[in-house]
Each structure stands twice: as C-alpha cells, then as structure tokens.
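# Close look at the chain arrangement
Take a look at the letters that make up each chain.
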Amino acid sequence: MARRENPVKELRQKQIKEAALRLFSERGFHNTTISQISQAADLGKGTIYWYWKSKEELAFSLVEDMLRDFAMLIEAARKEAGTVAERFEKLVEEVAELYYRETEYLRLLWKFRVDRSYIFNEDYTEKVTSYYVRMRQALEDMLEQGMTRGEFREMNAKRMAFILLGIVEGLELEWLENEEELSMREALAEVMSIVVASISR
C-alpha cells in the first residue's frame, strides 16, 4: 500500500521551520524561544511540541535538512554512470544549485557548526558528524573508482576526500561573506576543474 501524505502536517512543519530559521538567524539559538517561534509561525505553542520535543530538536531538524540533501547528492554521484570526472562536474553543478536554493539554511548550518557542542547535546553532535562522514566516504569511494578505472593517478583517497571537503567548505564561507562579488557556481566549477586535472592521468 502506498504511503499516504498528510498535507496539513507538512504545511505546519514548513511554517514552523521557516519561522525557526528566520528567528535563529536573526536572534541566535539561545535568544529565541519556542513561544516566539510559534507566534512567528502563527500556530499554537503546543503544535510545535507535537512535531519536535524541544527547541534543540527543531534546530537540529533544520541542520539535518541541509546535511541530508548534501550527502544524498554526493552518494547519488557515486552510483551514476559516466566517468568519475564527468560525475564530479555534474555534482559541482548540483551542489551549487543547492547552495543558492538553500542559502539561509547554509548560513544557519555554519552558525551551529562553529559551536555545535554548545548548542547540541552529544547525541545530536554525533548525528551531525555522521553526515560529514557519509559525505567524505562517498567522495573517497568516487576517487577510488577513478583510480581503479585508470582515470586518476594513485593517491591517498581518504586524504584527498578531506581536502575536497575542506576546499568546498572554505568556498562556502567566502561566498556567504561576499555574495555580490563571488559566484559560487563559477568558483566551484573552477576549483573542481583544477583538482580533477591535477589528479588525472
């Protein structure tokens, strides 16, 4: 039997998340209350607790949305057809589109990431870390595929996966600080082109 969607539930969750995203971004996590979020969402306070047990759980759901989308893009690229270089090129385009579509989520992710052990308890912190491990593992697998197929020279795939994530994260910060001057699409495409050229046979 097909899973039945609940449009009312989805609409309310969307309202709450949008309100929380706006308030967390404007006021910060600790200066935002559940009451303020419920007022901004035009819903009763109890409605929020129907979906999330705490402000921390709601905040994590926002972070998880972005991390899940990013991880799924990389994991999908790992399984697609075509050369690894072609898949990296397509992945860069999709990641850039995600950033432009979800810029405010990305800003919030960085705010929480800087001090996630202060905002989130150990369980949530481990969940956040698990997404980064998934991303790194998928990148490592793609690099190993490239070596196995003879597309890439021999390298330490795990270390290169760390390097790739580090480059992307550095660009994220530069772009968020300089949106008017820096095109994330062009910057990601250019840096990936340089990296792929440097590791190709």
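Anyway, here's the lowdown on the structure attached to this text. The structure displayed is predicted, hence computed values, not measured ones. (Residues numbered from 1 in each chain as written. Predicted model: local features only at pLDDT ≥ 70, side-chain atom pairs only at ≥ 80, totals over all residues. Heavy atoms only, no water.)

### Section: the overall build of the chain
Looking only at helices and strands, one finds 10 helices and 0 strands in the chain. Put simply, the chain runs from its N terminus to its C terminus through helices and strands in the order α-α-α-α-α-α-α-α-α-α. Burial analysis of the chain (201 residues in total) assigns 45% to the buried set. At a minimum sequence separation of 6, the contacts of the chain that also span at least 24 residues come to 70%. Accessible surface computed for the chain: about 11400 Å², of which carbon and sulfur atoms make up 50%. (Helix = DSSP H or I, 4+ residues; strand = E, 2+ residues; numbered from the N terminus. Buried < 20%, exposed > 50% of the residue type's maximum accessible area, 1.4 Å probe, protein only. Contact = heavy atoms within 4.5 Å. Areas by Shrake-Rupley, 256 points an atom, 1.4 Å probe, with all protein chains shown as cover.)

### Observations concerning the pattern of salt bridges
Under the counting rule described, the total for this entry stands at 10 salt bridges. Notably, a salt bridge pairs Asp65 with Lys17, separated by 2.8 Å at the nearest N-O pair. Taken as a pair, Asp65 in helix α4 (residues 55-79) and Lys17 in helix α1 (residues 7-27) lie far apart in primary sequence, 48 residues in all. Each of the two residues, Asp65 as well as Lys17, counts as buried. Close ionic contact of Arg68 with Glu64 constitutes a salt bridge, the shortest N to O distance being 3.5 Å. Highlighted residues: Arg68 and Glu64, both in helix α4, separated by 4 residues, approximately one helical turn. (Salt bridge = Lys/Arg side-chain N within 4 Å of Asp/Glu carboxyl O.)

### Overview of the packing of aromatic side chains
Scanning the entire structure with this criterion turns up 6 aromatic pairs. Seen in terms of ring centroids, Phe70 and Tyr99 are 6.0 Å apart; in terms of plane orientation they differ by 70°. Their pairing is edge-to-face. A residue pair is termed long-range when its members are at least 10 positions apart, and Phe70 in helix α4 and Tyr99 in helix α5 (residues 84-101) qualify at 29 residues. Note on accessibility: Phe70 and Tyr99 belong to one class, buried. Chaining the aromatic ring pairs together yields one cluster made of Phe70, Tyr99, Tyr100 and Trp175. One residue, Arg185, lies across the ring of Tyr100, its end atom 3.8 Å from the ring centre. (Phe/Tyr/Trp six-rings, centres within 6.5 Å; stacked < 30°, edge-to-face > 60°. Lys NZ or Arg CZ within 6 Å of the ring centre and 35° of its normal.)

### Quick word on the side chain of Ser61
As for its position among the elements, Ser61 is in helix α4. Beyond its immediate sequence surroundings of up to four residues, Ser61 is in contact with Lys17 and Trp52.

### A word on the environment of Leu182
By the secondary structure assignment, Leu182 is in the loop between α9 (157-177) and α10 (184-199). Residue Leu182 is classed as partly exposed on the basis of its relative accessible area, which comes to 26%. Spatially, the C-alpha atom of Leu182 lies 9.4 Å from that of Leu171, the residues being 11 residues apart in sequence. Setting aside its immediate chain neighbours within four residues, Leu182 contacts Tyr100, Leu171, Glu174, Trp175 and Ala187.

### Points about α4
Here α4 is 25 residues long and its end C-alpha atoms lie 36 Å apart, about the 36 Å a rise of 1.5 Å per residue gives. In terms of burial, α4 is a largely internal element, 18 of the 25 residues being buried. (Expected span 1.5 Å × (residues − 1).)

### Section: the packing of helix α6 (residues 103-114) against α9
Between α6 and α9, whose axes approach to 11 Å, the crossing angle comes to 115°. Considering their axes alone, α6 and α9 lie roughly perpendicular with respect to each other. Taken as a pair, α6 and α9 cross one another with a handedness that is left-handed. Side by side, α6 and α9 meet where Thr103, Leu106, Arg107, Trp110 and Arg113 of the first sit next to Glu169, Glu172, Leu173, Trp175 and Leu176 of the second. (Axes fitted to C-alpha atoms, helices over the stretch in contact; angles between N-to-C directions. Parallel < 35°, antiparallel > 145°, perpendicular 65-115°, else oblique. Left-handed = near helix turned anticlockwise from the far one by under 90°.)

### Thoughts on unusual backbone geometry
Positive phi, close to 60°, is recorded for Asp42, a residue that is not glycine. Position of Asp42 among the secondary structure elements: in the loop between α2 (34-41) and α3 (45-51).

The quantities given are spatial measurements derived from coordinates; they are silent on function.
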